[in-house]
Amino acid sequence: MLRLVAFLFVALSGLAMAETLRLAPGADTTFRLSENPSTGYSWRIDAAASAGLDHVAIIDRGHQRGENLPGAPGAHGWTIRALTSGKATIHFVHQRPWEPAPVETRDVVVEIGG
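Starting from 1, residues in each chain are numbered consecutively following that chain's sequence as written. pLDDT decides what is reported in this predicted model: residues at 70 or higher carry local features, side-chain atom pairs at 80 or more are listed and counted, and totals for whole chains, interfaces and linings draw on all residues regardless. Side-chain metrics rest on all non-hydrogen atoms present in the structure, leaving aside hydrogens and water.

K.L.:
Which residues make up the overall build of the protein chain, and what values go with them?
P.N.:
Assigned secondary structure in the protein chain consists of one helix and seven strands. To qualify as a helix, a DSSP run of H or I must reach at least 4 residues; to qualify as a strand, a run of E must reach at least 2; elements of each kind are numbered from the N terminus. The order of helices and strands in the protein chain, counted from the N terminus, is α-β-β-β-β-β-β-β. The buried label applies to any residue whose accessible area, calculated with a 1.4 Å probe on protein chains only, is under 20% of its type's maximum; exposed applies above 50%, and partly exposed to all values in between. Sorting the 114 residues of the protein chain into buried and exposed places 32% on the buried side. We call two residues in contact when some of their heavy atoms are within 4.5 Å. Long-range pairs, those at least 24 residues apart, make up 70% of the contacts in the protein chain with a sequence separation of at least 6. Carbon and sulfur atoms make up 59% of the accessible area of the protein chain, which amounts to about 7,000 Å² in all. Accessible surface is estimated by sampling points in the Shrake-Rupley manner with a 1.4 Å probe; for residues, cover comes only from the protein chains shown.

Structure below.
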């Protein structure tokens, strides 16, 4: 039974999770994902798998350390600004640069109303 639970956790942990943000044109918000670059894994935006990026401006704020300890986890942040009415889907991937597939993905849907 424990093996089945462990298998399901590993199998489901790689599934995409989605979050929806609602912004007015000109408004912005900061979006963060937990990250520990000392493991080799980092978050990045996969522009090819994203859609509607012309409706938003994204500033990569990089990794911000948590505790002041070597190897301590922190968070990667992006500022997302709504430019025009519409919808954008930003596809984030968490992977090591030298590995072909991400271990986790996250979609952020930005709905921009005018």
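K.L.:
Go over the environment of Val-103, please, and point to the residues and values.
P.N.:
Looking at the element boundaries, Val-103 is found in the loop between strand S6 (86-95) and strand S7 (104-112). Separated by 10 residues in the primary sequence, Val-103 and Val-93 place their C-alpha atoms 7.8 Å from one another.

K.L.:
Can you tell me about the nonpolar core, naming the residues and giving the values?
P.N.:
Definition of nonpolar core: a set of buried residues of the types Ala, Val, Leu, Ile, Met, Phe, Trp, Tyr and Cys, connected through side-chain atoms within 4.5 Å. With 15 residues, the main nonpolar core has Phe-31, Ile-80, Phe-92, Val-108 and Val-110 as its most contacted residues. Among the elements of the structure, strand S1 (17-23), strand S2 (28-35), strand S5 (74-82), S6 and S7 are those that each provide at least two residues to this core. What Val-108 contacts, discounting residues up to four positions off in sequence, is Glu-19, Leu-21, Phe-31, Ala-88, Thr-89, Ile-90 and Phe-92.

K.L.:
Run through the sheet that holds S2, naming residues and quoting values.
P.N.:
Two strands pair under a simple rule: DSSP has to find at least two bridges between them. An order of S2-S5-S4 is seen for the three strands of this open sheet, with the pairing classed as antiparallel. Among the strands making up the open sheet, the edge pair consists of S2 and strand S4 (56-65). Neighbour-to-neighbour, the strand axes of the sheet open up by a mean angle of 20°, direction not taken into account. Examined bridge by bridge, S2 and S5 share eight bridges and lie antiparallel to one another. Across the sheet, Glu-35 pairs through a bridge with Gly-74, a residue of S5. Only C-alpha atoms enter the line fits that serve as axes; for helices the fit covers just the stretch in contact. Angles between N-to-C directions range over 0 to 180 degrees.

K.L.:
Mind laying out the packing of aromatic side chains, listing which residues take part and the relevant values?
P.N.:
When the centres of two rings from Phe, Tyr and Trp lie within 6.5 Å, Trp using its six-membered ring, the rings pair. Their planes under 30 degrees apart give stacked, over 60 give edge-to-face, and anything left gives tilted. Taken as a whole, this structure holds two aromatic pairs when the rule is applied. Grouped by ring-pair contacts, the aromatic residues Phe-31, Trp-78 and Phe-92 constitute a single cluster.

K.L.:
How would you summarise the pairing of S5 if you had to cite specific residues and measurements?
P.N.:
Within S5, eight of the nine residues are buried, which leaves the element mostly enclosed by the surrounding structure. As judged from the nine bridges shared by S4 and S5, these two strands associate in the antiparallel manner. Paired with Ala-57 across the two strands is Arg-81, which belongs to S5.

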